[in-house]
Amino acid sequence: MSIELINLAYVAAAALFIFGLKQLGSPATAVRGNTLSALGMFIAIAVTLFNKNILPWEWIIGATLIGGIVGAVVAQKVEMTSMPEMVALFNGSGGVASLMVGWAALYNFDNSTFTNITILLSIVIGGMTFSGSILAWGKLSEVMTSAAVVFGAQRIVNALILIGMIACAVLFCMEPAVNSPYLYAVIGLALLFGVMAVLPIGGADMPVVISLLNSYSGLAACAAGFAINNNILIVAGSMVGAAGIILTNIMCKAMNRSLANVLFSGFGAAKQATKVEGEVKPITADDAFLILEAAQSVSFVPGYGMAVAQAQHVVRELGELLEKNGAEVTYAIHPVAGRMPGHMNVLLAEANVSYDQLVEMEDINPRIDNVDVAVVIGANDVVNPAARNDENSPIYGMPIINVDQARTVFVLKRSMASGFSGADNPLFFGDNTRMLFGDAKQSIAAVVAEFKG
Amino acid sequence: MEAVFLALVLMLSIFLGFELISKVPATLHTPLMSGANAISGITIVGALIAAGDGNDPLSTYLGAAAVMFAAINVVGGYLVTNRMLSMFKKKDTDQPGGQA
């Protein structure tokens, strides 16, 4: 097959990627969109095999088999609660693949300086995506501490790494060679930089980091596309890059923080929030049942705690009982609830909650005062009214779901501990708030039992 | 000229990507990310070509390793996205307590 034909097929593949992403605009068409995108990928790979100068066949078959089997097993086995860890690892493998493509491209001897620069870019972006993602995975899976690791000279060290990387890159471009010591230095510094970039980022900021690394893995593919003059890599890579940037931006807005603030400064607890005092009103499952039975409109507000307690199935069961009882049931989801964008939605969808019941913060807030009971399950900072009222609170200004304005609020909680931000939550002391202490799954199950009994 | 042409492709696809992806609802953001993982597996095409003529064993090893990692993304990414998206269902109107 001629190069022209192969490039023509790439155009078709790009069109399929674009259609696929377009159909991801609605849950009703999304499955088809994913299939179209996969078809585009199949075409792109298939026509590339007709290129005369490719990897020897035995290597292609072996590598594809190993990678394909690993991917398939992971995709089947992974729990929905562990989706953030899996996406982090996939970001990493995308990054390391681009690093290696850039490196391999150095073996073409007639590279121009421009090509060498793009090769270095794909090595640097791919390398830092790889090491950063592995560290993000470590934090998410709690192999290591998920807290922000901050030390004094961090910024100076990072700046030195960056300067060193650029210097080595320039020295390499002046005398490019596959065994240049500067090449190894660039690879090593890129890996180190990825680690240093993710270290100071704490657990609750993880949604931002995985989105950003997602974006980098696309940009790395893009740079690799420049390195080998290949259109389809540039198109697909920049789509991924755009997706990651958009999600990063949404996450930052939802936390009312700038990207720079997330990336460089742990979670600053510089300000001391106004101490909240008052009386907490506990409630038993029996009483909770009586109130819920009389409710016309109930909204569940899940947070990461729901995933930890594995309470999503029993929550769905309660939701269905309430609907049978004549109440309108919604699930209000804050953009940064969970450990990655849209994580709660997937967990609830897995528990068979209908997707038209999943509502966004902007949709629920205007009508929250018509909600009879808001049930907060394992969420804390995203429903903390201090974000609205208390200028001294570390989360002041962050948009929240205004559950305190619902007629009654149930808060399911193990204890009175504060959320990740460490801020006190005045919600717990509200007049209309009732605390249902204990394991979320058991508490809800007790209410469900009352309904059935 | 080649570089300018590639830059044009880059610019257009970034704009298009922003347009398309800003229309994806929040509910589908996790599948969007795993789908993006799959698409970034496009590096597999680069890996097949870059390792090229096999004039040096190291470039073959690098290419093969890159193919392996990218294949994880392609296969794993599309399968897990499909698995997730299949969970998003709308309940039939008259089916109280419908179990799927």
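Remember, predicted model here, so these are calculated numbers, not experimental data.

## Quick notes on the overall build of chain A
Item 1. When helices and strands are counted, chain A shows 17 helices and six strands.
Item 2. Computed over its C-alpha atoms, the radius of gyration of chain A comes to 25 Å, within 12% of the 22 Å expected for a compact globule of 453 residues.
Item 3. Dimensions of chain A along its principal axes, counting C-alpha atoms only, are 75 × 50 × 35 Å.
Item 4. Sequence-distant contacts, at least 24 apart, represent 79% of the contacts inside chain A between residues at least 6 apart.

## Details of the confidence of the model for chain B
Segments scoring low in pLDDT should not have their predicted coordinates read at a detailed level.
All names here are of chain B.
Item 1. Mean pLDDT over chain B: 87, with 88% of residues reaching 70 or higher.
Item 2. Per-residue pLDDT stays below 50 along residues 93-100; that stretch engages in eight contacts with residues further than four places along the chain or on separate chains.
Item 3. Here the predicted complex scores 0.90 on pTM and 0.90 on ipTM.

## Points about the environment of valine 373 of chain A
Residue and element names in this part refer to chain A.
Item 1. Position of valine 373 among the secondary structure elements: in strand S4 (residues 373-377).
Item 2. Taking the number of C-beta atoms within 10 Å as the measure of exposure, valine 373 has 24 and is therefore buried.
Item 3. The residues contacting valine 373, other than those within four sequence positions of it, are Ile291, Leu292, Ala295, Val298, Ala406, Thr408 and Phe410.

## Description of unusual backbone geometry
All names here are of chain A.
Item 1. In this structure, glutamate 142 is a non-glycine residue whose phi angle is positive, near 60 degrees.
Item 2. With respect to the element layout, glutamate 142 can be found in the loop between helix H5 (113-140) and helix H6 (154-174).
Item 3. Phi at asparagine 256 is positive, roughly 55 degrees, even though this residue is not glycine.
Item 4. Among the structural elements, asparagine 256 can be located in the loop between helix H9 (231-254) and helix H10 (259-264).

## Side note on the pairing of strand S2 (residues 328-333) of chain A
Residue and element names in this part refer to chain A.
Item 1. Of all six residues making up S2, five are buried, and the element is well covered by its neighbours.
Item 2. Inspection of the sheet shows strand S1 (residues 297-302) paired to S2 by four bridges, in the parallel sense. Bridging from a neighbouring strand, serine 297 pairs with glutamate 328 of S2.
Item 3. The pairing of S2 with strand S3 (residues 358-360) spans three bridges and is classified as parallel. Bridge pairing in S3 links alanine 332 to valine 359.
Item 4. You can see the chain leave S2, run along helix H14 (residues 343-350) and come back into S3, and the turn it takes is right-handed.

Rules and cut-offs
- Per chain, the residues get numbers from 1 upward, laid out in the order the sequence is written.
- Chains and ligands are labelled by the order in which they are written, letters from A for the one and numbers from 1 for the other.
- In keeping with the model being predicted, local features are shown solely for residues with a pLDDT of at least 70 and side-chain atom pairs are shown and tallied solely at 80 or more, while totals for entire chains, interfaces and linings include all residues.
- A run of H or I in DSSP becomes a helix once it reaches four residues, and a run of E becomes a strand once it reaches two; helices and strands are each numbered from the N terminus.
- We compute the radius of gyration over the C-alpha atoms and compare it with the globule rule, which gives 2.2 Å times the number of residues raised to the power 0.38.
- Residue pairs qualify as contacts under a 7 Å threshold applied to their C-beta atoms, which are placed from the backbone.
- Looking at any residue, its pLDDT shows the predictor's confidence there, from 0 to 100.
- With C-beta atoms placed from the backbone, a residue counts as buried when 20 or more other C-beta atoms lie within 10 Å of its own, as exposed when 12 or fewer do, and as partly exposed for counts between those limits.
- By this definition, two strands are paired if DSSP reports at least two bridges between them.
- When the strands point away from the viewer and the path from the first strand over the helix to the second turns clockwise, the crossover is right-handed.

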